[in-house]
Amino acid sequence: MQKSKYTMHGINKETYRLLFDEKEQNKMECSNEIFTIEMSSLYDRKPYYIFYNFLKKIIDMYFYEVNYFNLHKKMFGKGYIFKNSDVEFWFDYLENHLKKILRNEDTYVKKEMIFDLKHNLRYCSCFYTNMIISANIENSFFVTGLIKYDDGDSHLHSFVEHKDYVIDYTKNLIMPKKKYIELLKIKELQRVDSKSVINMYNILVENRILNTARFMATFGNEIINDLDRNPQLIKRNTDKPDFSCLFY
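Residues numbered from 1 in each chain as written. Predicted model: local features only at pLDDT ≥ 70, side-chain atom pairs only at ≥ 80, totals over all residues. Heavy atoms only, no water.

Engineer: Could you clarify how one ought to interpret the packing of helix α7 (residues 126-135) against helix α10 (residues 213-227) in this entry?
Structural biologist: Each pair of packed helices can be summarised by the angle the axes make with each other and by the distance between the axes. In the contact formed by α7 and α10, the axes pass within 7 Å of each other and the chain directions differ by 70°. Relative to α10, the element α7 lies roughly perpendicular. Contacts between α7 and α10 pair Phe-127, Tyr-128 and Met-131 from the former with Ala-213, Arg-214, Met-216 and Ala-217 from the latter. Class assignment of the residues belonging to the contact of α7 with α10 gives a composition of six nonpolar, no polar and one charged. (Axes fitted to C-alpha atoms, helices over the stretch in contact; angles between N-to-C directions. Helix = DSSP H or I, 4+ residues; strand = E, 2+ residues; numbered from the N terminus. Parallel < 35°, antiparallel > 145°, perpendicular 65-115°, else oblique. Contact = heavy atoms within 4.5 Å. Nonpolar A, V, L, I, M, F, W, Y, C, P; charged D, E, K, R; others polar.)

Engineer: How should the sheet that holds strand β4 (residues 141-148) be read in this particular structure?
Structural biologist: Whenever strands of a sheet pair, they do so through backbone hydrogen bonds, lying parallel or antiparallel. With antiparallel pairing, the five strands of this open sheet are ordered in space as β7-β6-β5-β4-β8. Of all strands in the sheet, those with a lone pairing partner are β7 (173-176) and β8 (186-193), marking the two edges. Direction aside, neighbouring strands of the sheet carry axes that sit 30° apart on average. Examined bridge by bridge, strand β6 (residues 165-168) and β7 share four bridges and lie antiparallel to one another. Counterpart to Asp-168 in the pairing with β7 is Leu-173. (Pairing = 2+ DSSP bridges.)

Engineer: Any chance you could explain the environment of Asn-136 here in plain terms?
Structural biologist: Inspection of the secondary structure puts Asn-136 in the loop between α7 and β4. As a C-alpha pair, Asn-136 and Leu-102 span 34 residues in sequence and 6.4 Å in three-dimensional space. Of the polar contacts made by the side chain of Asn-136, one reaches the side chain of Glu-105; its length is 2.8 Å. (Polar contact = N/O pair within 3.5 Å; in protein donor to acceptor, adjacent residues only side chain to side chain.)

Engineer: Even after reading the chapter, I still don't get the pairing of strand β2 (residues 80-83), so can you show me in this structure?
Structural biologist: Looking along a regular strand, one sees side chains alternate from face to face of the sheet. Covered by surrounding structure in β2 are Tyr-80 and Phe-82 only, the residues Ile-81 and Lys-83 on the alternate face being uncovered. Pairing geometry for strand β1 (residues 71-73) and β2, over three bridges, is antiparallel. Directly across from Lys-73, in β2, lies its bridge partner Tyr-80. (Buried < 20%, exposed > 50% of the residue type's maximum accessible area, 1.4 Å probe, protein only.)

Engineer: Sorry, what's going on with the pairing of β6 here?
Structural biologist: As defined by bridge partners, strand β5 (residues 154-162) adjoins β6 across three bridges and the pair is classed as antiparallel. Counted as the bridge partner of Glu-161 is Val-166 from β6. Counting the residues that bridge the hairpin from β5 to β6 gives two residues, and of these Lys-163 lies at a positive phi of roughly 55°.

Engineer: Looking at this model, I keep getting lost on the packing of aromatic side chains. Mind explaining?
Structural biologist: Centre-to-centre distance and the angle between the planes together describe a pair of aromatic rings. A complete count under the given rule lists seven aromatic pairs for this structure. Centroid distance Phe-82 to Phe-89: 5.3 Å. Interplanar angle 15°. Geometry classified as stacked. As far as the burial class goes, Phe-82 and Phe-89 line up, both buried. An aromatic cluster is defined as three or more aromatic residues linked by ring pairs; in this entry it consists of Tyr-80, Phe-82, Phe-89, Phe-91 and Tyr-93. Between the NZ or CZ atom of Lys-73 and the centre of the ring of Tyr-80, over which it lies, the distance is 5.0 Å. Taking NZ or CZ as reference, Arg-191 lies 5.1 Å from the ring centre of Phe-141, over its face. (Phe/Tyr/Trp six-rings, centres within 6.5 Å; stacked < 30°, edge-to-face > 60°. Lys NZ or Arg CZ within 6 Å of the ring centre and 35° of its normal.)

Engineer: Even after reading the chapter, I still don't get helix α3 (residues 32-40), so can you show me in this structure?
Structural biologist: An α-helical turn contains 3.6 residues, so a residue and the one three or four places further along point in the same direction. Counting buried positions over the nine residues of α3 gives eight, a clear majority of the element. Among all positions of α3, only Glu-33, Ile-34, Phe-35, Thr-36, Ile-37, Glu-38, Met-39 and Ser-40 are buried.

Engineer: Before we go on, may I ask you to explain helix α9 (residues 194-206) in this structure?
Structural biologist: Counted at 1.5 Å a residue, the expected span for α9 with its 13 residues is 18 Å, and the 18 Å between its end C-alpha atoms agrees. Ser-194, Val-197, Met-200, Tyr-201, Asn-202, Ile-203, Leu-204 and Val-205 are the residues of α9 that are buried. Summarising the contacts, the buried residues of α9 are in contact with α7, β4, β8 and α10. A positive phi of about 55° marks Arg-208, the residue just after α9. (Expected span 1.5 Å × (residues − 1).)

In structure tokens, the structure reads:
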């Protein structure tokens, strides 16, 4: 049997199951270190929420086995340090930078993303949101990979890579790329540079071929490569995309 070209990137039995199995789509886990940062970002940092935050942290530490004492604000400079007996790395909350990143984005999309980042859990939105972030950061990459667990289970996850750092909307996180990959043990399936993200979106959405971020993130490259064989069949638009037309 001839080997399918689609196994090079995202289309295969494993990713097909993850894309279309609703139970798998609702599962989202990560390393304890990154999960601790993610949970800590859900607290309102206004002074009058001190008592509420204190109680919630105790509950989280008991039920989710997270340790907020591992998070330390940097004395000089921006960001925080995560430090325990095994690892130490710099990170910052994406909410401190998102408004600047999306300064040229559509007002509705920008307001929705900023609000969700500060108030809601963001599971299953990594494809949509990180695609938009990558399109707004020059020379960045929109990366999709497979995270496998010790029990053999797995899920798809997308993030943005820019220079030596990773931006992850669903975890409200910016941190060094090398440590992020190491902690999540993520196997890369597809990588799209920021210009190609815009090109891919414009071709697939404008031609009504695909408007779901999950599928674009997994095998958008393969579809574009096939369409390029018959360029006369597709309409190309170089305008800035309207991401409000994109589904999760």
